[in-house]
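# Commentary on secondary and tertiary structure
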Amino acid sequence: MNVQQKPKTNARVEPLMGNEAIARGAWEGGCGVAVAYPGTPSTEILETVGKFPAENIYAEWAVNEKTALDVATGASFAGVRAMCAMKHVGLNVASDSLMSQSYIGVNAGLVIVVADDPGMHSSQNEQDTRLFARFANVPVLEPADAQEALEYTRLAFDLSEKFDTPVIVRSTTRLSHTRSPVRLGEREAVEPKGFVDDFRKNVTLPAHARANRPKVIAREEIVGKFFDESPLTRFEEGEGDVGIITVGMAYSYVKEVLPGVPVLKLASSFPLPKERIREFAGRFSRIIVVEELEPLIEEQLKIMGIPCEGKAFIPREGELSPEIVRKGFIEAGLIKPPKKKKPAEPEIVPRPPLLCAGCPHISSYMAVRAIDARVCGDIGCYTLAAIEPLRAIDTCVAMGASIGNAVGLAKSGAEKKPIVATIGDSTFLHSGIPPLIDAVVMKANITVLILDNHITAMTGGQDNPGTGVTLRGEPTNRVDFVQICKAIGVNWVREVDSYDLGALYQAVREATEYKGVAVVISNRPCVLDPVRIRGDALEVVQETCVACQSCMNLGCPAISWSDGMYDGHHKVKIDPMLCIGCSLCAQVCPSNAIRAAKKD
Ligand SMILES: Cc1ncc(C[n+]2csc(CCOP(=O)(O)OP(=O)(O)O)c2C)c(N)n1
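Quick caveat, the model's predicted, so the values are computed rather than measured.

## A few points about the site of the ligand
Neighbouring the ligand are 22 residues, the closest being Gly380, Gly424, Ser426, Ala457 and Met458. For the shell around the ligand, the elements supplying multiple residues, two or more each, are α4 (88–104) and α16 (425–431). Considered class by class, the residues forming the shell around the ligand number 11 nonpolar, 9 polar and 2 charged. Each of domain 1 (13–228) and domain 3 (361–523) accounts for three or more of the residues forming the shell around the ligand.

This is how it looks when you write it as structure tokens:
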């Protein structure tokens, strides 16, 4: 078993991001199938896997996270090591399969990599995946740096097979996106085991599940004992009578702030190495647990009857950092407060995120604003239409929620405005189809605006079943959104060019006047993907501009208020470096003051 990789003297060392190291760990661990749905901070894992030879490892962007886990599980059933990757909220989507898979276990190793986002750098909520691991009774490994990210991922396949369980590897934004030197190993040659025809194991009938339940609970103790005996659970001697128990990135912060403190570094916060913890706790008069987000270890210790502190000093919300851990240690009395106050850091001016110049989503929101609709938004680049100047979205909950929310608004009978759900192509395919079926069957009076920019733009431009290209760049079937809607039973479907403002306005107006479900597909490729689109720039004719600012309402970053005075008045101007010539501003200009820029 490949539990501790011995350092090899001639091993290759490369600077890798945590996500690249995870991909490398999967590769070295003999993973044969890797599947993901993109989501920051996890996306680069599959992008990296996609660079390994296709004959050794299959790589796929699945339509959503549950499908990703189901595909990986299928490969595990077939006896091939498999991994799926997602961001924390993705595990909510995949959790139905996870909960059952915990009972079934695995044939070949099944690893689920989940990247949490403490501090919500790019997420709609803050979740601690470790709680999911405990909920599902599956072990969770928590690397503290990119080297461990590689080794723990590799190890996760072994543990999965040894203990007949899916194994979660938990990363966080800081680990996923930080680059550090990583010692590489060789790929393990793992032969496919073949399908094991075991009806009791593979088919979750209630009788089989009841038989498996005690095994799932017993597994906790067994895996906990493994961590008791494993050198991955590491006691680092130090000075003083306060012992720190820590795990993952929090370990790195503890070592930076108090390098000489006695530490018990865990590899997993579920299940815990209880014997090692008891032994460690017995040596010190005070135990402090340092963990990021929820008090998972702290609570388990308290249940074990071990007095400890943790969240009294270390915040439960937000991302940790050496500064925050230092502050906690000062409050806990482990460090003396500094005599001199640190000079105040200069405040960074906030820069709100913007839709790109020429973004095809802009016109769709101009159109729904024009009819004063109640707009249920969804998750994607287009969520930015919720902020000034567009301010065109009234609700946004989670991926795929827009259509269901719109149905609820319609069925409440309390909403008087036309009701529109707006949803991107990737999000529609991820989880927008079932609620559209619901809307049709229930005859909801709503309009669905599918914002088809032919890409999953928000997460950096990954392919989806609407792009017609696979993760490895091979051409494949592109789903036909019109046909999907018709097959569901939508009788009013119209596809329009997102840059044709007149056609879009008319389609949205007619759709909202239609009684029943109407779908408008606003179709234009993203300006950034797959290649940066650049048309000829437009310019403002200063003499004709009446400074009405209609064009400014688009929120296009290429358009700004003129800094110079013209004719005693301010006017608008267009930055030719940013403008891609989409012509939306020219279409909204009431005085025809915007035209193609003169070429020198
Ligand atoms: C459950 C879940 N999985 C993944 C993500 C990450 N994510 C945010 S938006 C998005 C998809 C955006 O693509 P699309 O709907 O096509 O809109 P676009 O950004 O292209 O405008 C993804 C994958 C998430 N927020 N939630």
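## Quick word on helix α10 (residues 249–257)
Of all 9 residues in α10, 7 are buried; the element is thus mostly enclosed. Among the residues of α10, Met249, Ala250, Tyr251, Ser252, Tyr253, Val254 and Val257 are the ones counted as buried. Buried positions along α10 lie against β7 (167–172), α7 (173–177), β10 (242–247), β11 (263–266), β12 (286–290) and α13 (322–331).

## Details of unusual backbone geometry
For the peptide bond that leads from Phe270 to Pro271, omega is -10°, which places it in the cis range. Along the chain, Pro271 falls in the loop between β11 and α11 (274–283). For the bond running from Glu388 to Pro389, omega is 0°, close enough to zero to count as cis. Of note, Asp164 is a non-glycine position whose phi angle comes to about 55°, a positive value. Note that Asp164 resides in the loop between α6 (146–163) and β7. The phi dihedral of Asn592 falls on the positive side, at around 50°, and the residue is not glycine. With respect to the helices and strands, the residue Asn592 is situated in the loop between α20 (584–588) and β21 (594–596). By the C-beta count within 10 Å, which is 10 here, Asn592 ends up exposed.

## Some words on the confidence of the model for the protein chain
Mean pLDDT over the protein chain works out to 95, with 97% of the residues at or above the 70 mark. Below pLDDT 50 for its whole length, residues 1–7 participates in 13 contacts with residues either more than four positions away or in separate chains.

## What about the packing of α4 against helix α5 (residues 129–136)?
At a minimum axis separation of 10 Å, α4 and α5 run at an interaxial angle of 15°. In terms of orientation, α4 lies roughly parallel with respect to α5. Along this stretch, α4 crosses α5, giving a crossing that reads as right-handed. For the pair formed by α4 and α5, the contact residues are His88, Leu91, Ser95, Leu98, Met99 and Ser102 on the first element and Thr129, Phe132 and Ala136 on the second. Residues of the contact of α4 with α5, tallied by class, amount to 5 nonpolar, 4 polar and no charged.

## With respect to the sheet that holds strand β4 (residues 82–87)
Working definition: the strands of a sheet are paired by backbone hydrogen bonds and lie parallel or antiparallel to each other. Read across the sheet, 6 strands follow the order β3-β2-β4-β5-β7-β6 without closing on themselves; strand pairing throughout is parallel. In the strand order of this sheet, the two ends are held by β3 (58–61) and β6 (140–141), each with one partner. With 2 bridges connecting them, β6 and β7 associate as parallel partners. Looking across to β7, one finds that Val140 is bridged to Ile168. Across the sheet, α5 is in contact with β5 (110–116), β6 and β7; its angle to β7 comes to roughly 170°.

## Remarks on the nonpolar core
Counting residues in each nonpolar core, the largest one holds 98 residues, and the members touching the most others are Ala36, Ala68, Ala72 and Val254. The biggest single contributor to this core is α6, with 8 residues. Excluding residues that lie within four positions of it along the chain, Val254 makes contacts with Ile244, Thr246, Val261, Val263, Val290 and Val325. One finds Ala392, Val420, Leu436 and Leu501 within the second-largest nonpolar core, a separate group that totals 76 residues.

## Here we look at the pairing of strand β16 (residues 492–497)
The side chains of a regular strand alternate between both faces of the sheet. Here β16 pairs with strand β17 (residues 518–523) via 6 bridges, running parallel. By the bridge assignment for β17, Glu495 is matched with Ile521. One crossover worth recording links β16 to the parallel β17 by way of helix α19 (residues 501–513), and it is right-handed.

## Quick notes on α11
In an α-helix, one turn spans 3.6 residues, which is why side chains three or four residues apart end up on the same side. Of all the residues in α11, the buried ones are Arg276, Ile277 and Phe280. Buried residues along α11 cover an arc of 100° about the axis, so they all sit on one side. On its buried face, α11 is in contact with α9 (206–229), β9 (234–236), β10, β11 and α12 (296–303).

## Remarks on the environment of Glu126
With respect to the helices and strands, the residue Glu126 is situated in the loop between β5 and α5. Taking the number of C-beta atoms within 10 Å as the measure of exposure, Glu126 has 17 and is therefore partly exposed. Non-local contacts of Glu126, meaning those with residues more than four positions away in its chain, are made with Asp117, Pro118, Met120, Leu293 and Glu317.

## As for the domain arrangement of the protein chain
Each assigned domain of the protein chain is listed with its residue range as follows: domain 1 (13–228), domain 2 (234–331), domain 3 (361–523) and domain 4 (534–600). Centre-to-centre, using C-alpha coordinates, domain 1 lies 25 Å away from domain 2. Across the contact, 24 residues belong to domain 1 and 22 residues belong to domain 2. It is α9 that provides the largest number of residues to the side of domain 1 that touches domain 2, a total of 5 residues. For the side of domain 1 that touches domain 2, the residue count by class is 12 nonpolar, 3 polar and 9 charged.

## So, the environment of Lys573
Looking at the secondary structure, you find Lys573 in strand β20 (residues 572–574). Taking the C-alpha atoms as reference points, Lys573 and Met17, 556 residues apart in sequence, are found 41 Å from one another. In this structure Lys573 touches Val540, Ser560 and Ser562, once residues within four positions along its chain are discounted.

## A word on the pairing of strand β14 (residues 419–424)
Most of β14 is tucked away: 6 of the 6 residues are buried. Burial along β14 is two-sided: the face carrying Ile419, Ala421 and Ile423 and the face carrying Val420, Thr422 and Gly424 are both buried. Handedness of the β-α-β unit built from strand β13 (residues 374–376), helix α15 (residues 401–412) and β14 comes out right-handed.

## Details of the sheet that holds β11
Strand order in the open sheet formed by 4 strands is β9-β11-β10-β12, with mixed pairing between adjacent strands. Only two strands of the sheet have a single partner each, and these edge strands are β9 and β12. Strand-to-strand twist of the sheet, defined as the mean angle between neighbouring strand axes without regard to direction, takes the value 20°. Alignment of β10 against β12, held across 5 bridges, turns out to be parallel. Bridged to Val242 within β12 is Arg286. Strand contacts of α10: β10, β11 and β12, with the helix running at about 145° to β10, the strand carrying the most contacts. Across the sheet, α11 lies against β9, β10, β11 and β12, angled at about 150° from β10, the strand it touches most.

Scoring rules and cut-offs
- In every chain, residue numbers begin from 1 and rise along the written sequence.
- Under the rules for a predicted model, residues below a pLDDT of 70 receive no local features and side-chain atom pairs below 80 are neither given nor counted, while totals for whole chains, interfaces and linings still include all residues.
- By definition, a residue lies near a molecule or strand provided its backbone-derived C-beta atom is within 6 Å of it.
- Counting from the N terminus, the helices are DSSP H or I runs at least four residues long and the strands are E runs at least two residues long.
- Residues were grouped as follows: Ala, Val, Leu, Ile, Met, Phe, Trp, Tyr, Cys and Pro as nonpolar; Asp, Glu, Lys and Arg as charged; and all remaining residues, including Gly, as polar.
- What marks off one domain from the next here is an automatic or database domain assignment.
- Each residue is classified by how many other C-beta atoms fall within 10 Å of its C-beta atom, where C-beta atoms are placed from the backbone; a count of 20 or more means buried, 12 or fewer means exposed, and values in between mean partly exposed.
- Once C-beta atoms have been placed from the backbone, residue pairs whose C-beta atoms lie within 7 Å are recorded as contacts.
- Confidence per residue, as judged by the predictor, is encoded in pLDDT with a range of 0 to 100.
- To get an axis, a line is fitted to the C-alpha atoms, and for a helix only the part in contact is used. The angle between two axes follows their N-to-C directions and goes from 0 to 180 degrees.
- For classification purposes, angles smaller than 35 degrees are called roughly parallel, those larger than 145 roughly antiparallel, those between 65 and 115 roughly perpendicular, and all remaining angles oblique.
- Helix crossings are classified by the rotation of the near helix relative to the far one: an anticlockwise turn of less than a right angle makes the crossing left-handed, while a clockwise turn makes it right-handed.
- Paired strands, as defined in this entry, are two strands with at least two bridges between them according to DSSP.
- Put simply, a nonpolar core is a cluster of buried Ala, Val, Leu, Ile, Met, Phe, Trp, Tyr and Cys residues tied together by C-beta atoms within 7 Å.
- Looking down the strands as they point away from you, a crossover is right-handed if its path from the first strand over the helix to the second goes clockwise.
- Summarising the geometry, the arc corresponds to the directions from the helix axis toward the C-beta atoms.

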